[in-house]
Amino acid sequence: MKYDLYDFRTRKLLESLIGLAMSVGVIIALLVLWEVSADLNLIDPMFSSSPSRVVTTGLEMIADGTLWKHIKASGRVFLAGFGLAVLFGVPIGVALGWFKWVNRAFTPLVSAFYTMPRIALMPLFIIWFGLGDAARIALVVLSAIFPLIVNMQVAMQNIDGDYRKVGIAYGATQWQLFWTIALPSSVPFLLTGLRLAMGRGLLGVVAAEIFGGAEGVGYMLQYAGATFQIDVVFVLVVVIMSFGVIFDRSLFWISRRVESWKIAEA
Amino acid sequence: MTNVLTNTLAFDFGGTPFGVAPPGVAGHPPKADDGGAPLREGPWGATPAPEPVSAAAPTRPTLEVKGLVITYQNQKTGELTEAVSGVDLTIGHGEFVTVVGLSGCGKTSFLNAVAGLIKPVAGSIAVAGKTVTKPGPDRAVVFQKATLLPWRTVLGNITYGLDLRGVPRKEARLRAEKYVDLVQLRGFEHFYPGALSGGMQQRVNLARALVTDPHLLLLDEPFAALDAITRENMQAELLNIWNLTRKTVLMVTHQIDEAVLLSDRVVVFSGRPGRILAEIRINLPRPRTADAKYCSDFDLLTKKICGIIQHSASKKATWSYEI
Ligand SMILES: Nc1ncnc2c1ncn2[C@@H]1O[C@H](COP(=O)(O)OP(=O)(O)O)[C@@H](O)[C@H]1O
Ligand SMILES: [Mg+2]
């Protein structure tokens, strides 16, 4: 019995290791292909860089502190914007989903904003908030807030009627229904909203910095592109990609932890 | 007078976090069910808790339903469907009464009205003399579907009703622990419902209701979703629990043998709209065990009830043929 379990676990571990090895293998294969084609001049390194050049440039940028400086600037904008989006988006979504009349009154407005490309508002933000962080933060907020609003709204509207009935039967007030039934059952929606908002927020930061500014990853990306520093462009692409993956994975991991009740024991 | 009292009580319950402490103390003079207090404090003895108060002055029946009519309106067409039509039912303190009837005859509607979850269009419902207008701490419902909150552990689900009433966490836990033993879930307190079998979930459902110490326990086909063997085990356990707690119970079921086995009285509903066709006293000896099924009276009673239901159903059928 014990051995069976051991075998089972070993097999599972082996399976996931093989999966990991394969996905890493694909990436390495592509990098090698890229490197070799650049070395053999099959593609013009002037326009396409190469993995080794990206790494060297990356290390240089780390060493002289430029990379860190820009990441810090972008991170500041992202955190502020994302934080504000959560702070306002979650309660707004809850209100929209919980109160019927609020829903009726505001849903058309929300939908209009939701479908509109947010970057189109950047000129307005620059006029209102100036060229500093504020305009960029505003764009991040506006990018990240809608997935949160919409997901929380849907969460509130999809509360299981049976759970609500249990709450009411045991004498829950509206307030108690909200705290003991609505909020816990909205957690999966919240996590989905956060994940989407992260992606949108990241997009918002880069877009805002490309649009205007004097520092940040997006600014540097734009500058490097305009001055044909292809290596730098690739370094920054890798940086942005890494942040996206790290955020997404960490939220995924959190949601697995939080929703452990879905599967089994405490 | 009664009305005013009822309204303020109902309001108190909704409005104050520390609301009505243990049910039964809620502002009425000592009532029959205050006999529940020793049960709450002490361990279960071999014999049921003594109830001197109830013997002295059972002022009002635990449940009084008069002329109850329940009608549903179709949200699209506005068409009205009568689900329950003029039901009178009185349940005395400590009595176990079961309503049986075919599926769709209005049993759940009737129970939900008593629970205060739906409003009847006519008639009155009073629990221990208080008119029912909405759910209250004097009643607790065990739903047909266990509907445990999946984000709460077994213990958390059992304390749910107490948490809503603002019972301090420690006390709620302590009270819940006793019911964990009663429904034989020791060792599973910290499991989430998703990891429990259907039978275990239904036990939690039962414990969640019992722990609130209601005047009247409402059971809506509590074992209908279980497989035959689990169902029989649960019936035996419910008998045992009833022997220990002597709760006043209103159960609805479509299973006639279940009704006879568990109840003191069986109320037979007609097909929709539900009316009372007959009331049958079950004089099988108490304290009862599942062995009561092998009593000769048991078969007689089930056959009699079955006959009444079939008779009314067939009468309806021939009627419609004739028309
Ligand atoms: N929410 C509802 N809206 C409309 N009709 C309903 C509703 N609930 C029950 N009914 C109707 O009322 C009748 C009685 O239902 P119910 O009380 O659930 O019966 P039972 O529990 O005996 O099976 C059924 O015919 C059903 O279709
Ligand atoms: Mg039913």
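Residues numbered from 1 in each chain as written. Chains lettered and ligands numbered in written order. Predicted model: local features only at pLDDT ≥ 70, side-chain atom pairs only at ≥ 80, totals over all residues. Heavy atoms only, no water.

**Details of the overall build of chain A**
Helices and strands together make up the secondary structure of chain A, namely 11 helices and 0 strands. Taking 266 residues into account, the globule formula puts the C-alpha radius of gyration at 18 Å, and chain A, at 24 Å, lies well above it. When the backbone C-alpha atoms are referred to their principal axes, chain A occupies close to 75 × 70 × 30 Å. Considering chain A as a whole, with its 266 residues, one finds that 39% of them fall into the buried category. (Helix = DSSP H or I, 4+ residues; strand = E, 2+ residues; numbered from the N terminus. Rg over C-alpha atoms; globule rule 2.2 N^0.38 Å. Buried < 20%, exposed > 50% of the residue type's maximum accessible area, 1.4 Å probe, protein only.)

**Some details on the domain arrangement of chain A**
Assigned domains of chain A: these are domain 1 (1–43) and domain 2 (51–265). On a C-alpha basis, the centroid separation for the pair domain 1 of chain A and domain 2 of chain A is 31 Å. (Domains from an automatic or database assignment.)

**Here we look at the packing of helix 4 (residues 66–98) of chain A against helix 5 (residues 100–115) of chain A**
All names here are of chain A. Where helix 4 meets helix 5, the axes come as close as 6 Å, and the angle between the chain directions of the two elements is 120°. As summarised for this structure, helix 4 and helix 5 are arranged oblique, according to the angle between their axes. Each of Ala95, Leu96 and Trp98 in helix 4 lies in contact with helix 5, whose residues at this interface are Lys100, Val102, Asn103, Phe106, Thr107 and Val110. (Axes fitted to C-alpha atoms, helices over the stretch in contact; angles between N-to-C directions. Parallel < 35°, antiparallel > 145°, perpendicular 65-115°, else oblique. Contact = heavy atoms within 4.5 Å.)

**Description of the pairing of strand 9 (residues 265–269) of chain B**
All names here are of chain B. Within strand 9, 5 of the 5 residues are buried, which leaves it mostly tucked inside the rest of the structure. Along strand 9, one buried face is formed by Arg265, Val267 and Phe269 and the opposite face, lined by Val266 and Val268, is buried too. Relative to strand 10 (residues 276–281), strand 9 runs antiparallel, the two sharing 5 bridges. Opposite Val266, over in strand 10, you have Ile280 as the bridge partner. Following strand 9, the chain reverses through 6 residues before pairing antiparallel with strand 10. (Pairing = 2+ DSSP bridges.)

**Structural notes on the interface of chain B and chain A**
Contacts between chain B and chain A engage 27 residues on the former and 21 residues on the latter. The junction of chain B with chain A conceals about 2200 Å² of combined surface from both sides, 69% of it contributed by carbon and sulfur atoms. Linking chain B with chain A are 1 salt bridge. Among the ionic pairs, B:Lys145 bridges to A:Asp162, the shortest N-O distance being 2.6 Å. Across the contact surface, chain B and chain A share 6 residue pairs in polar contact (both at pLDDT 80 or more). Its residues assigned to classes, the side of chain B that touches chain A shows 16 nonpolar, 7 polar and 4 charged. (Buried area = accessible area lost by both parts, 1.4 Å probe. Salt bridge = Lys/Arg side-chain N within 4 Å of Asp/Glu carboxyl O. Polar contact = N/O pair within 3.5 Å; in protein donor to acceptor, adjacent residues only side chain to side chain. Nonpolar A, V, L, I, M, F, W, Y, C, P; charged D, E, K, R; others polar.)

**Concerning the packing of helix 8 (residues 198–210) of chain B against helix 9 (residues 228–245) of chain B**
Residues and elements named next belong to chain B. Closest axis-to-axis distance for the helix 8/helix 9 pair is 11 Å, and the angle between their directions is 20°. On the basis of their axis angle, the class for helix 8 and helix 9 is roughly parallel. With respect to the hand of their crossing, helix 8 and helix 9 are arranged in right-handed fashion. Where helix 8 abuts helix 9, its residues Gly199, Gln202, Arg203, Leu206 and Leu210 lie against Thr230, Met234, Glu237, Leu238 and Ile241. Residues that form the contact of helix 8 with helix 9 fall into these classes: 5 nonpolar, 3 polar and 2 charged. (Left-handed = near helix turned anticlockwise from the far one by under 90°.)

**Observations concerning the confidence of the model for chain B**
Here chain B averages 81 in pLDDT, and 79% of its residues register 70 or above. Note on residues 1–57 of chain B: pLDDT under 50 across the span, and 72 contacts to partners over four residues away in sequence or across chains. (pLDDT = per-residue confidence, 0-100.)

**Considerations on the site of ligand 1**
All names here are of chain B. Ligand 1 sits among Tyr72, Ala83, Leu102, Ser103, Gly104, Cys105, Gly106, Lys107, Thr108, Ser109 and Arg272. Interatomic distance of 3.5 Å between a side-chain N/O atom of Tyr72 and a nitrogen atom of ligand 1. Taking Gly106, its main chain carries an N or O atom lying 3.1 Å from an oxygen atom of ligand 1. For ligand 1, the accessible surface in isolation is 550 Å², of which the surrounding protein chains cover 61%. Sort the elements by how many residues they give to the shell around ligand 1 and helix 4 (residues 107–115) lands first, with 3 residues. By residue class, the composition of the shell around ligand 1 is 4 nonpolar, 5 polar and 2 charged. (Near = heavy atom within 4 Å. Areas by Shrake-Rupley, 256 points an atom, 1.4 Å probe, with all protein chains shown as cover.)

**Observations concerning the sheet that holds strand 8 (residues 248–253) of chain B**
Note on sheets: strands pair through backbone hydrogen bonds, and any given pair is parallel or antiparallel. Residue and element names in this part refer to chain B. With mixed pairing, the 6 strands of this open sheet are ordered in space as 6-7-8-3-9-10. Each of the sheet's edge strands pairs with one partner strand only, and the pair in question is strand 6 (139–142) and strand 10. For this sheet, the mean angle separating the axes of adjacent strands, direction not counted, is 15°. Where strand 3 (residues 96–100) meets strand 8, 5 bridges bridge the pair, whose relative direction is parallel. Following the sheet pairing, Thr98 is matched in strand 8 by Met251. Set on the sheet, helix 8 makes contact with strand 6 and strand 7 (216–220); between it and strand 6 the angle comes to about 175°.

**Overview of the sheet that holds strand 4 (residues 122–127) of chain B**
Residue and element names in this part refer to chain B. If you trace the 4 strands from one edge of the open sheet to the other, you get 2-1-4-5, paired in antiparallel fashion. One side of each edge strand has no neighbouring strand; the edge strands of this open sheet are strand 2 (80–91) and strand 5 (130–131). In the sheet, strand 1 (residues 63–73) pairs with strand 2 via 9 bridges, with the strands oriented antiparallel. Counterpart to Ile70 in the pairing with strand 2 is Val84. Running over the sheet, helix 4 touches strand 1, strand 2 and strand 4 and is turned about 115° from strand 1.

**Quick notes on the pattern of salt bridges**
Residues and elements named next belong to chain A. Under the definition given, this model contains 22 salt bridges over all chains. Ionic pairing is found between Asp231 and Arg53, a salt bridge with its closest N-O pair at 3.4 Å. With a gap of 178 residues between them, Asp231 in helix 11 (residues 230–258) and Arg53 in helix 3 (residues 51–63) connect regions that are remote in the sequence. Each of Arg76, Asp133, Arg136 and Glu215 takes part in salt bridges that share partners, so that together they form one network.

**Things to note about helix 5 of chain A**
Residue and element names in this part refer to chain A. If you check helix 5, its first and last C-alpha atoms are 22 Å apart, about what 16 residues at 1.5 Å a residue would give, namely 22 Å. Along helix 5, the sharpest change in direction is near 45° and occurs at Phe106; proline Pro108 comes one to four residues later. Every buried residue belonging to helix 5 is among Val102, Asn103 and Val110, and all of these are buried. On its buried side, helix 5 packs onto helix 4 and helix 7 (133–157). (Expected span 1.5 Å × (residues − 1). Bend = angle between axes of the 7 residues up to and from the residue.)

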